[in-house]
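Each chain, written out:
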Amino acid sequence: VVTRLKRVQGQVAGIISMIEDGRDCGEVVTQLAAVSRALDRAGFKVVANGLQQCATAEGRGEKPPMSAEQLEKLFLALRAQRSGGGITSCSTAP
């Protein structure tokens, strides 16, 4: 997950440079969409790791670090993020 997030960090730095250089709105939005997808994948990986940790703990007869309800809330929080608002302006001005 850390590797994914470091890659996203680099992408965001690139997007900032694109905006500062006045690059085309479509190019900026394309890169923003790529970052958004990368963050989604990192988030789902975190949830999947949590699910795996819980299953492993239960298999050993231990108390899982999270309840099924907590994992579900995390998953739904990631899904809710995807249904956010749309673009209202195409200006790349800082």
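Everything quoted here is computed from the prediction, not taken from an experiment.

1. A look at the overall build of the protein chain
Alright, step 1. Scanning the protein chain for helices and strands turns up three helices and zero strands.
Alright, step 2. For the protein chain, the succession of helices and strands along the chain, N to C, is α-α-α.
Alright, step 3. A burial count over the protein chain gives 19% of its 94 residues as buried.
Alright, step 4. Expressed as a percentage of contacts within the protein chain between residues at least 6 apart in sequence, the contacts between residues at least 24 apart total 59%.
Alright, step 5. Of the roughly 6900 Å² that the protein chain leaves accessible, carbon and sulfur atoms contribute 55%.

2. Details of the environment of Arg23
Alright, step 1. Mapped onto the elements, Arg23 comes out in the loop between helix H1 (2–20) and helix H2 (25–59).
Alright, step 2. Here Glu27 takes part through its side chain, which lies 2.7 Å from a polar atom of the side chain of Arg23.

3. Some remarks on the nonpolar core
Alright, step 1. Within the largest apolar cluster, six residues are counted, these being Val8, Ile15, Met18, Val28, Val35 and Ala38.
Alright, step 2. Secondary-structure elements contributing two or more residues to this core are H1 and H2.
Alright, step 3. With residues up to four places along the chain from it excluded, the contact list for Ile15 reads Val28, Gln31, Leu32 and Val35.

4. Remarks on the pattern of salt bridges
Alright, step 1. Considering all chains together, one arrives at two salt bridges under this definition.
Alright, step 2. Between Glu27 and Arg23 there is a salt bridge, with the nearest N and O atoms lying 2.7 Å from each other.
Alright, step 3. We classify Arg23 as partly exposed; its relative accessible area is 39%.
Alright, step 4. Between Glu62 and Arg60 there is a salt bridge; the shortest N-O distance is 3.0 Å.
Alright, step 5. Residue class for Arg60 comes out exposed when judged on its relative accessible area of 53%.

5. Some points on the packing of aromatic side chains
Alright, step 1. A complete count under the given rule lists one aromatic pair for this structure.
Alright, step 2. Aromatic pair Phe44 and Phe75: ring centres 5.6 Å apart, planes at 50 degrees, arrangement tilted. Of this pair, Phe44 sits in helix H2 while Phe75 sits in helix H3 (residues 68–82); the two residues are 31 residues apart in sequence, bridging distant segments of the chain.

What counts, and at which threshold
Residues numbered from 1 in each chain as written. Predicted model: local features only at pLDDT ≥ 70, side-chain atom pairs only at ≥ 80, totals over all residues. Heavy atoms only, no water. Helix = DSSP H or I, 4+ residues; strand = E, 2+ residues; numbered from the N terminus. Buried < 20%, exposed > 50% of the residue type's maximum accessible area, 1.4 Å probe, protein only. Contact = heavy atoms within 4.5 Å. Areas by Shrake-Rupley, 256 points an atom, 1.4 Å probe, with all protein chains shown as cover. Polar contact = N/O pair within 3.5 Å; in protein donor to acceptor, adjacent residues only side chain to side chain. Core = buried A, V, L, I, M, F, W, Y, C linked by side-chain atoms within 4.5 Å. Salt bridge = Lys/Arg side-chain N within 4 Å of Asp/Glu carboxyl O. Phe/Tyr/Trp six-rings, centres within 6.5 Å; stacked < 30°, edge-to-face > 60°.

The values reported here are purely geometric and, on their own, carry no functional implication.
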